[in-house]
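A closer look at the structure
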Amino acid sequence: RIAYVNGRYVAHAEASVHIEDRGYQFADGVYEVCEVARGYIVDMKRHLDRLDRSLRELSIAWPMNRAAMEIVIVEVIRRNRVKNGLVYLQVTRGVASRDFLFPADTRPSVVITAKKVDPAALAKRAENGIKVITVPENRWDRVDIKSVGLLPNVLAKQKANEAGAHEAWFVDADGTVKEGGSSNAWIVTGDGALVTRPAEHGILRGITRTTLLDVAAKLGLRVEERGFTVAEAKAAREAFISSATTLAMPVVAIDGDPVANGHPGSVALSLRQAFFDIAEKRPA
Ligand code: PLP
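Only a predicted model underlies this, so the values are computations on that prediction, with no experimental measurement involved. The numbering scheme is per chain: residues are counted from 1 as the chain's sequence reads. In keeping with the model being predicted, local features are shown solely for residues with a pLDDT of at least 70 and side-chain atom pairs are shown and tallied solely at 80 or more, while totals for entire chains, interfaces and linings include all residues. Calculated side-chain values reflect all of the structure's heavy atoms, with hydrogen atoms and water omitted.

1. As for the sheet that holds strand β3 (residues 29-37)
Whether two strands pair comes down to DSSP finding at least two bridges between them. Under the scheme used here, helices are H or I runs from DSSP no shorter than 4 residues and strands are E runs no shorter than 2 residues, and both carry numbers assigned from the N terminus. Sheet architecture is open: 7 strands sit in the order β2-β1-β6-β5-β3-β4-β16, paired in antiparallel fashion. Edge strands, defined here as strands with exactly one partner in the open sheet, are β2 (8-11) and β16 (281-283). Direction aside, the axes of adjacent strands within the sheet are offset by 25 degrees on average. Any two residues having at least one pair of non-hydrogen atoms within 4.5 Å are treated as being in contact. Between the N-to-C directions of two axes lies an angle of 0 to 180 degrees, each axis being a line fitted to C-alpha atoms and, for a helix, fitted only over the stretch in contact. Of the strands in this sheet, β3, β4 (40-42) and β16 are in contact with helix α8 (residues 266-278), which crosses β16 at around 55 degrees.

2. Side note on the pairing of strand β7 (residues 130-136)
Where β7 and strand β14 (residues 249-254) come together, 3 bridges link them in parallel fashion. By the bridge assignment, V132 is partnered in β14 with I254. When β7 meets strand β8 (residues 167-171), the two strands line up parallel, connected through 5 bridges. Bridging from a neighbouring strand, T134 pairs with W169 of β8. You can see the chain leave β7, run along helix α5 (residues 151-162) and come back into β8, and the turn it takes is right-handed. A crossover counts as right-handed when, viewed with the strands pointing away from the observer, the path leading from the first strand over the helix to the second turns clockwise.

3. Some remarks on the packing of aromatic side chains
Paired rings are identified among Phe, Tyr and Trp, the last through its six-membered ring, by centres lying within 6.5 Å, and are further divided according to the angle between planes into stacked (under 30 degrees), edge-to-face (over 60) and tilted (the rest). Throughout the structure, instances matching the rule amount to 6 aromatic pairs. Summarising the aromatic geometry, the rings of Y4 and Y9 are spaced 5.2 Å apart at their centres and angled 65 degrees between planes, so their arrangement reads as edge-to-face. The class of Y9 is partly exposed, set by a relative accessible area of 29%. Centroid distance Y40 to F276: 6.1 Å. Interplanar angle 70 degrees. Geometry classified as edge-to-face. Residue Y40 is found in strand β4, and its partner F276 is found in helix α8; the two are separated by 236 residues along the sequence. The aromatic ring of Y9 is capped on one face by R79, whose charged end is 4.1 Å from the ring centroid. Sitting over a ring, as applied to charges here, requires NZ of Lys or CZ of Arg to be within 6 Å of the ring centre and within 35 degrees of the ring normal. Its guanidinium or amino end placed over the ring of F276, K281 lies 5.1 Å from that ring's centre, counting from NZ or CZ. Each residue's exposure class comes from its accessible area (1.4 Å probe, protein chains only) as a fraction of the maximum for that residue type: buried when under 20%, exposed when over 50%, partly exposed otherwise.

4. Observations concerning the domain arrangement of the protein chain
Residue ranges for the domains originate in an automatic or database domain assignment. Here the protein chain is partitioned into domain 1 (2-117) and domain 2 (122-283). Spacing between the C-alpha centres of domain 1 and domain 2 amounts to 25 Å. Opposite the 28 residues of domain 1 that make contact, domain 2 presents 25 residues. The term buried area denotes the loss of accessible surface (1.4 Å probe radius) that occurs when two parts are joined, taken as the sum for both partners. For the domain 1 face of the interface with domain 2, the top three residues by lost area are Y31, R46 and R50, together amounting to 26%. The term salt bridge refers to a pairing of a side-chain nitrogen on Lys or Arg with a carboxyl oxygen on Asp or Glu at a separation within 4 Å. Applying the counting criterion to the domain 1 and domain 2 interface returns 4 salt bridges. The shortest N-O distance in the salt bridge between R46 and D214 comes to 3.0 Å. The definition of a polar contact used here is a pair of N or O atoms within 3.5 Å, where within protein one atom must be able to donate a hydrogen and the other to accept one, and adjacent residues in sequence count solely through side-chain atom pairs. For the pair domain 1 and domain 2, the number of links is 14 residue pairs in polar contact (both at pLDDT 80 or more). Within the residue set of the side of domain 1 that touches domain 2, elements represented by two or more residues are β3, β4, α2 (44-57), α3 (66-79) and β5 (85-92). Considering each element in turn, the side of domain 1 that touches domain 2 owes the most residues, 8 residues, to α2. Per-class residue counts for the side of domain 1 that touches domain 2 are 13 nonpolar, 5 polar and 10 charged. Ten residue types, Ala, Val, Leu, Ile, Met, Phe, Trp, Tyr, Cys and Pro, are classed as nonpolar, four, Asp, Glu, Lys and Arg, as charged, and the remainder, Gly among them, as polar.

5. Brief notes about the packing of α2 against α3
At their nearest, the axes of α2 and α3 sit 12 Å apart, and the two run at 125 degrees to each other. In terms of their interaxial angle, α2 and α3 are classed as oblique. Seen from above, α2 lies across α3 with right-handed handedness. Along its contact with α2, which presents M44, K45, L48, D49 and L51, the element α3 presents R66, M69, E70 and I73. Along the lines of polarity and charge, the residues of the contact of α2 with α3 split into 5 nonpolar, no polar and 4 charged. Each angle is binned into one of four classes, with values under 35 degrees roughly parallel, values over 145 roughly antiparallel, values of 65 to 115 roughly perpendicular, and all other values oblique. Should the near helix be turned anticlockwise from the far one by less than a right angle, the crossing is termed left-handed; should it be turned clockwise, right-handed.

6. Side note on the site of the ligand
The near set for a molecule or strand comprises every residue that places at least one heavy atom within 4 Å of it. In the vicinity of the ligand, 17 residues are found, and the nearest of them are R50, E179, I207, T208 and A244. Contact between the ligand and R50: an oxygen atom at 2.9 Å from a side-chain N or O atom of the residue. I207 is positioned such that a nitrogen or oxygen atom in its backbone is 2.8 Å from an oxygen atom of the ligand. Where accessible areas are quoted, they stem from the Shrake-Rupley method and a 1.4 Å probe; at the residue level, only the protein chains shown are allowed to cover. The fraction of the free accessible surface of the ligand (390 Å²) that becomes covered by protein chains is 94%. Within the residue set of the shell around the ligand, elements represented by two or more residues are β9 (177-180) and α6 (207-219). Across the shell around the ligand, the residue classes tally to 4 nonpolar, 9 polar and 4 charged.

7. Details of the pairing of strand β6 (residues 109-116)
With 6 of 8 residues buried, β6 lies mostly within the body of the structure. By the bridge criterion, 2 bridges tie strand β1 (residues 2-5) to β6 in an arrangement that is antiparallel. In the sheet register, V5 faces β6, and the bridge partner there is V111. With 8 bridges connecting them, β5 and β6 associate as antiparallel partners. From the neighbouring strand, V87 faces β6, where its bridge partner is A114.

Here it is as structure tokens:
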């Protein structure tokens, strides 16, 4: 495998950044994960728009211009022969002697990697559906920034794994579901409406979420952007999560209780089916 690190394509096994990188010391950086499907990069424009927003919110400069970044992304995919998989892109404030204040003249560090994912394995998981657990929200209030500071997410997802589940949903003190450790959360109500929390309030605006809203419009589905509780999700007709890694992925159990009949829902599966055609695709 080949990685791109600060201007060079290097063997993945030997790729490294300096010990005083601020990403390492302070989680002072942001990232994106984009899907590659059937030889296309999916929703690259939206991912780079969100990267731009994350960088601006933290006053980190782009490490190169956007056109160059697009070329590097395509090149990393090509060099790793990825037809179906994921691109990981990370930008940190850069390397500087450890100090809380922004360094005066440091260049941001950039790392771009790509890996293959077996689409059949992912499809299989969607056929079976996944289980989620719920955990109290304990993150900071700027989770709208896609920052590499993910320790609460690591702990929550580890806990899910130890409970035999795939994802953990962060839940507010009032019982409303915020989002997963690495995904957005959705339900389908008894009368067929899609419900997902507004992205203005304490969640990451998932790119898959945004594109699924386009898909829902194309399919003529009714959408309610509002909060929902864990109790409402357990009693819903369907539940599912969304992310670039999983796409629309049915949830069949929440904290050990089945959602509806405990089988993947048809709305989630039809959104999953229609996603690729409606998403923006760029040949990689
Ligand atoms: N919410 C969180 C906290 C995430 O980490 C992610 C993705 O990693 C998402 C939502 C889904 O975002 P996207 O659809 O852009 O992958």
